[in-house]
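Each chain, letter by letter, is given below.
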Amino acid sequence: MADDPLDGIAELDHDRPARRGFPEAVYAEGKTVTHVRAIARSYAARAASGASDPPVLFTRCDPERAAAVLAELPDAACDDIARLVVWPPDPPQPSGGLVLVVAAGTSDLPVAREALLTLRHLGRPADLVADVGVAGIHRILGRVQRLREARCIVVVAGMDGALPSVVAGLVSAPVVAVPTSVGYGAAFGGIAPLLTMLNACAPGIGVVNIDNGYGAGHLAAQIARS
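One structure accompanies this document, and this report is about it. (Residues numbered from 1 in each chain as written. Predicted model: local features only at pLDDT ≥ 70, side-chain atom pairs only at ≥ 80, totals over all residues. Heavy atoms only, no water.)

## Quick notes on the layout of surface pockets
Considering only enclosed or pocket space, the largest pocket measures out at about 260 Å³ in volume. As for the largest pocket, its lining consists of 17 residues, of which Ala104, Gly105, Asp108, Gly133 and Met159 are closest to the centre. Split by residue class, the lining of the largest pocket holds 8 nonpolar, 5 polar and 4 charged. (1 Å grid on protein atoms, 1.4 Å probe; cavity = no way out; pocket = protein on both sides within 12 Å on 5 of 7 lines; lining within 4 Å. Points joined across faces, edges and corners; volume = space filled by probe spheres on them. Nonpolar A, V, L, I, M, F, W, Y, C, P; charged D, E, K, R; others polar.)

In structure tokens:
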């Protein structure tokens, strides 16, 4: 429609929760600041008209795009590490099984936090276990009891990407593996850990794309649904 402020920019999928049980996310990277702000303004207008939408997650927001969202949705929650902006800001009451997000190293935290916050805003109880990579194998072995309490585990790792296979060999829950682009030259921007995870010996591992914390969190939220 000619008077649609998003005409030629986006067609928001407000019916997705009814079809799939989860809302659409807005991938901000690659969109102009003007486009991101227009999309945020559309959500604000729906709320002003009385629509009761589930949370909307703006992923991969650099500071400029985060500011554009906050200009239209000033009470949105913004996490600079995860590069995630969520509106409304408060997660729903959690339901379903516990999901643990396990980060191999501190450098993996941006992706791990994206998965963690996605889980919480999609309604799952979720906690973070940080810096337990295989270079100090005692760290993950010391948390086996906690790992076995989870319905699903998201494991985020760069470098050699070995941690998901270790975790999957210790628990009965499914593991969602997330390769990150963390690592030196031969890690090839995440290709090396991706291939390691795809070739994992331990069964029960599903692998998402490189640095895709949102996709991992979404899949784990579906797995751990009540």
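So that's the structure; there's more coming.
## Examining the packing of aromatic side chains
Using the criterion set out here, one finds 1 aromatic pair in the structure. Note on Tyr43 and Phe58: the rings are 6.3 Å apart at their centroids and 80° apart in plane angle, and the pair reads as edge-to-face. Highlighted residues: Tyr43 in helix α2 (residues 33-48) and Phe58 in strand β2 (residues 56-59), separated in sequence by 15 residues. Here Tyr43 matches Phe58 in class, with each residue buried. (Phe/Tyr/Trp six-rings, centres within 6.5 Å; stacked < 30°, edge-to-face > 60°. Helix = DSSP H or I, 4+ residues; strand = E, 2+ residues; numbered from the N terminus. Buried < 20%, exposed > 50% of the residue type's maximum accessible area, 1.4 Å probe, protein only.)

## Observations concerning the packing of α2 against helix α3 (residues 63-72)
The geometry of α2 relative to α3 is characterised by a closest axis approach of 8 Å and an angle of 30° between their N-to-C directions. In terms of axis orientation, α2 runs roughly parallel to α3. Crossing hand, α2 versus α3: right-handed. Mapping the contact onto sequence places Val33, Val36, Arg37, Ala40, Arg41 and Ala44 in α2 and Glu64, Arg65, Ala68, Val69, Ala71 and Glu72 in α3. (Axes fitted to C-alpha atoms, helices over the stretch in contact; angles between N-to-C directions. Parallel < 35°, antiparallel > 145°, perpendicular 65-115°, else oblique. Left-handed = near helix turned anticlockwise from the far one by under 90°. Contact = heavy atoms within 4.5 Å.)

## Details of helix α9 (residues 213-223)
Counting buried positions over the 11 residues of α9 gives 8, a clear majority of the element. The complete set of buried residues in α9 reads Gly213, Tyr214, Gly215, Ala216, Gly217, His218, Ala220 and Ala221.

## Focus on the pairing of β2
Judged by which residues are buried, β2 turns out to be covered on both faces: Val56 and Phe58 on one side and Leu57 and Thr59 on the other are all buried. Here strand β1 (residues 25-27) runs beside β2; their pairing, made up of 3 bridges, is parallel. Its bridge partner lying in β2, Ala25 is registered against Leu57. Note on the crossover from β1 through α2 to β2: the handedness is right-handed. Across 3 bridges, β2 lies against strand β4 (residues 84-87) in antiparallel orientation. The residue of β4 that forms the bridge with Val56 is Trp87. (Pairing = 2+ DSSP bridges. Right-handed = clockwise from strand over helix to strand, strands pointing away.)

## Some remarks on the packing of helix α4 (residues 109-121) against α9
Running from N to C, α4 and α9 cross one another at 35°; their axes reach a closest spacing of 7 Å. For the crossing formed where α4 meets α9, the hand is right-handed. Facing Val111, Glu114, Ala115, Thr118 and Leu119 of α4, the residues of α9 in contact are Gly213, Tyr214, Gly217, His218, Ala220 and Ala221.

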